[in-house]
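Structural overview for review
For reference, the chains in residue letters:
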Amino acid sequence: MTTAALPRTAPSRTAPPAARTAAVIPAAGRGVRLGPGAPKALRALGGTPLLVHAVRAVARAREVGLVVVVAPPQAAAEVRHLLDAHPLPAAPAAQGADVVVVPGGATRQESVRRGLDALPGEVEIVLVHDAARPLVPADTVDAVAAAVRAGAPAVVPALPLTDTVKEVEPQAAGAPEPVISTPARARLRAVQTPQGFQRAVLAEAHAAFAGAGEGATDDAGMVERLGQPVVVVPGHEEAFKVTRPLDLVLAEAVLTRRRADGY
Ligand code: CTP
Ligand code: MG
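As the structure is a prediction and not an experimental result, all values here were calculated from the model.

**As for the overall build of the protein chain**
From N to C terminus, the protein chain includes 8 helices and 12 strands. The proportion of buried residues among the 263 residues of the protein chain is 46%. Partitioning the contacts of the protein chain with sequence separation of at least 6, the portion at a separation of at least 24 is 75%.

Below you can see the structure in the form of structure tokens.
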């Protein structure tokens, strides 16, 4: 398997603030929980691949000058063609973000690391955004980027939980699971993406925990393990992750409503 970056557009060097902020979009997962079919990032939402929605959502943020898409390893060329066939709308303030495609790895953590490895030297702020969160509003992306720019090493959008959560002793499927504790719901948050980082902090976290176990599902958690502060800002209900078939039904409904509203 090659790890070389595929042909790409050179990162813009003419817009200094945007050149310093990049987004990494892990899109290399298979989408097992969504059921049989193409890799999740390539599945259609309103006739357009999830990944294209996600790339547009982060590229809409004024600050983002470069988007690194981490593609399923066997589909990197296909993803490149797909993104070329769905160009980004011209960004309002910048001249539009450049999009680079690199092949991903076996875990999300490994995929993100490969995306980080593809960033040019001048990038100082990195937003990591799941391809599986196609409908994140631009305001959420902007709020995360702004909090990092204001000095936070790591910023996570999150929402209060609606369900009460219990910690259990996991058992084989179907067997009753003893409850260990019930954390106070008011203190819990469900985290979303994009998560924003000072690039050096995230790179240090990935270097420190490379190859650890199953791989982290949350970049901010790795930064916490480094002992660096992580802060939460308000997330958005439309930034939900498409994980199971019902999530795709909800995403289609949100998109239909947006289109009816002329969004
Ligand atoms: N991801 C990745 N590389 C992997 C695994 C996951 O880039 N080896 C990405 C997915 O493409 C997704 C994001 O990480 O955008 C969040 O992961 P998840 O929702 O778990 O997606 P999948 O791993 O594809 O889904 P599943 O776990 O159901 O197979
Ligand atoms: Mg997964």
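Having put the structure on the table, let's press on.
**Details of the nonpolar core**
Ranked by size, the top nonpolar core spans 36 residues in total, and within it Leu51, Val55, Val67, Val69, Val79 and Leu83 carry the most contacts. Those elements giving two or more residues to this core turn out to be strand S1 (21–26), helix H2 (50–59), strand S4 (66–71), helix H3 (76–85), strand S5 (98–103), strand S6 (125–128) and helix H5 (138–149). For this core, the element with the highest residue contribution is H2, accounting for 6 residues. Those residues in contact with Leu51, other than ones at most four positions away along the chain, are Ile25, Ala27, Ala41, Val69, Val79 and Ala131.

**Details of the site of ligand 1**
Contacts to ligand 1 come from 18 residues, most closely from Pro26, Ala28, Val32, Ser111 and Lys241. In this structure, Ala27 approaches ligand 1 through a main-chain N or O atom, which is 3.3 Å from an oxygen atom. Take Ala28: an N or O atom from its main chain is 2.9 Å from an oxygen atom of ligand 1.

**Details of the pattern of salt bridges**
Throughout the structure, instances matching the rule amount to 11 salt bridges. For Arg80, the salt bridge is made with Asp84, and the minimal N-O distance between the two is 3.0 Å. Pair noted here: Arg80 and Asp84 are both in helix H3, with a separation of 4 residues, about one helical turn. Overall, the relative accessible area of 10% leaves Arg80 in the buried class. Linking Glu238 and Arg257 is a salt bridge whose minimum nitrogen-to-oxygen distance equals 2.4 Å. A residue pair is termed long-range when its members are at least 10 positions apart, and Glu238 in the loop between strand S12 (231–234) and helix H8 (245–260) and Arg257 in helix H8 qualify at 19 residues.

**Comments concerning H8**
For H8, built from 16 residues, the straight-helix expectation of 22 Å at 1.5 Å per residue is met to within 8% by its first-to-last C-alpha distance of 23 Å. Buried residues of H8: Asp247, Leu248, Ala251, Val254, Leu255 and Arg258, and no others. Looking down the long axis of H8, one finds its buried residues gathered within 120 degrees of arc, a one-sided arrangement. Turned more than 90 degrees away from the buried face of H8 sit Leu246, Val249, Thr256 and Ala260, all of them exposed. Among the structural elements, strand S2 (44–45) and H2 are those in contact with the buried residues of H8. Phi turns positive, to about 75 degrees, at Gly262, one or two residues after H8.

**Thoughts on unusual backbone geometry**
A cis amide bond links Thr193 with the next residue in sequence, Pro194, at an omega value of 10 degrees. On the secondary structure map, Pro194 appears in the loop between strand S10 (189–191) and strand S11 (195–198).

Thresholds, definitions, all that
- Residues numbered from 1 in each chain as written.
- Chains lettered and ligands numbered in written order.
- Predicted model: local features only at pLDDT ≥ 70, side-chain atom pairs only at ≥ 80, totals over all residues.
- Heavy atoms only, no water.
- Helix = DSSP H or I, 4+ residues; strand = E, 2+ residues; numbered from the N terminus.
- Buried < 20%, exposed > 50% of the residue type's maximum accessible area, 1.4 Å probe, protein only.
- Contact = heavy atoms within 4.5 Å.
- Core = buried A, V, L, I, M, F, W, Y, C linked by side-chain atoms within 4.5 Å.
- Near = heavy atom within 4 Å.
- Polar contact = N/O pair within 3.5 Å; in protein donor to acceptor, adjacent residues only side chain to side chain.
- Salt bridge = Lys/Arg side-chain N within 4 Å of Asp/Glu carboxyl O.
- Expected span 1.5 Å × (residues − 1).
- Arc of directions from axis to C-beta.

Shape is all these values report; function is a separate question.
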